[in-house]
Amino acid sequence: MKQVITNNKIAVSLEKIEKPLHSSFHTGVYRQRYFSGAWHYHPEFELLLITNGNGKRLVGDHGENFNTGDLVLLGGFLPHAWIPDDHYLQQDSTDHCESIYVQFKKDIFGSQFVDIPELKGVRRVLLASERGLKIVGKHKETIILLLKEIPRLGPLDQLLKLLKILDLINLSGYETLASEGYLKESFFFKSNRILKVHEYIMENYKKEISVDLCAEMINMTISSFCRYFKKETGYTFTNYLNKIRIDFSKKLLTNTDLPIKEIGFECGYNSVPYFNKQFKKVVGVPPFSYRKSIHKNG
């Protein structure tokens, strides 16, 4: 599920990757008037090339401009978004955005993947991609040519080409995007039940989310759920939900020009004073001061 920019609003979602029948990964060409701008994540790795378009790329806590030729590899569960420049959103715009992508899980390489010496470089790249990689270096143009071929190939040739690309990424070089601190603060769960709740929050954070519904979702009483949730995450349910919403709001304050009241609304707060209060509680300063300090230091 993806959500789109409407009146410069940005949404977040858990993206469900629908793989073709008899295929272990998904590849194709995305061509629209503009990239959706949805802040989302998915379990699959994603290799993505911008073949036309420009704007702002958000990966974890990292944000920078992107242009045609931008090439990245993102690990699973790493939140990201491509926010197009405003001119793509104009009703009379004749421009368009386009990308080529491959989305895959590590298990496509088989259970003996970790034991194959020749794939050492591939494993290194996949591990590093947990923070997101911007691909640069001497092999970038070769990687782009290979990636452009993938959507037109049969399944086996696609897989072989993907392996070749991943190996070339290791040889070519890359820049990591999300900070190491962001990765350490990310939520990795041993419990599938808590993961289910986390994914529900990520899909519905703009709405009112009740602890009752989340407890019912994993077949627990409210009191048992609250104790279990605190034990698994280190947060109370309310504080966890608030942290996720404020995390999104910080990215919008840093990387967009949306008004603060609009950002509060986009992050699930219907009251501006309440948004200001909760932001200050988590960050230490109100949203206006945070944005001002970011721009001053930037």
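The model shown is predicted, which means the values in this text are computed figures rather than measured ones. (Residues numbered from 1 in each chain as written. Predicted model: local features only at pLDDT ≥ 70, side-chain atom pairs only at ≥ 80, totals over all residues. Heavy atoms only, no water.)

**Q** Talk me through the overall build of the protein; I want residue IDs and the actual numbers.
**A** Scanning the protein from terminus to terminus reveals 11 helices and 11 strands. Per-residue burial for the protein yields a buried fraction of 47% across its 298 residues. A separation of at least 24 residues holds for 72% of the contacts in the protein among residues at least 6 apart in sequence. Only carbon and sulfur atoms are counted for the fraction: they give 51% of the accessible area of the protein, which is about 15,300 Å². (Helix = DSSP H or I, 4+ residues; strand = E, 2+ residues; numbered from the N terminus. Buried < 20%, exposed > 50% of the residue type's maximum accessible area, 1.4 Å probe, protein only. Contact = heavy atoms within 4.5 Å. Areas by Shrake-Rupley, 256 points an atom, 1.4 Å probe, with all protein chains shown as cover.)

**Q** Would you mind going over unusual backbone geometry in detail, with residue names and values included?
**A** Unusually for a residue other than glycine, Phe-77 sits at a positive phi of about 65°. For Phe-77, the location among the structural elements is in the loop between strand 7 (71-74) and strand 8 (80-84). A relative accessible area of 38% places Phe-77 in the partly exposed class. Not every positive phi belongs to a glycine, and Asn-219 is a case in point at roughly 60°. As for its position among the elements, Asn-219 is in the loop between helix 6 (211-217) and helix 7 (222-233).

**Q** Account for the environment of His-198, naming residues and giving values.
**A** Along the chain, His-198 falls in helix 5 (residues 192-204). For His-198 and Tyr-240, which are 42 residues apart along the polypeptide, the C-alpha to C-alpha distance reads 9.4 Å.

**Q** I'd like a description of the side chain of His-42, backed by residues and values.
**A** Within the secondary structure, His-42 sits in the loop between strand 3 (39-41) and strand 4 (45-52). Residue classification places His-42 among the buried residues on the basis of a relative accessible area of 1%.

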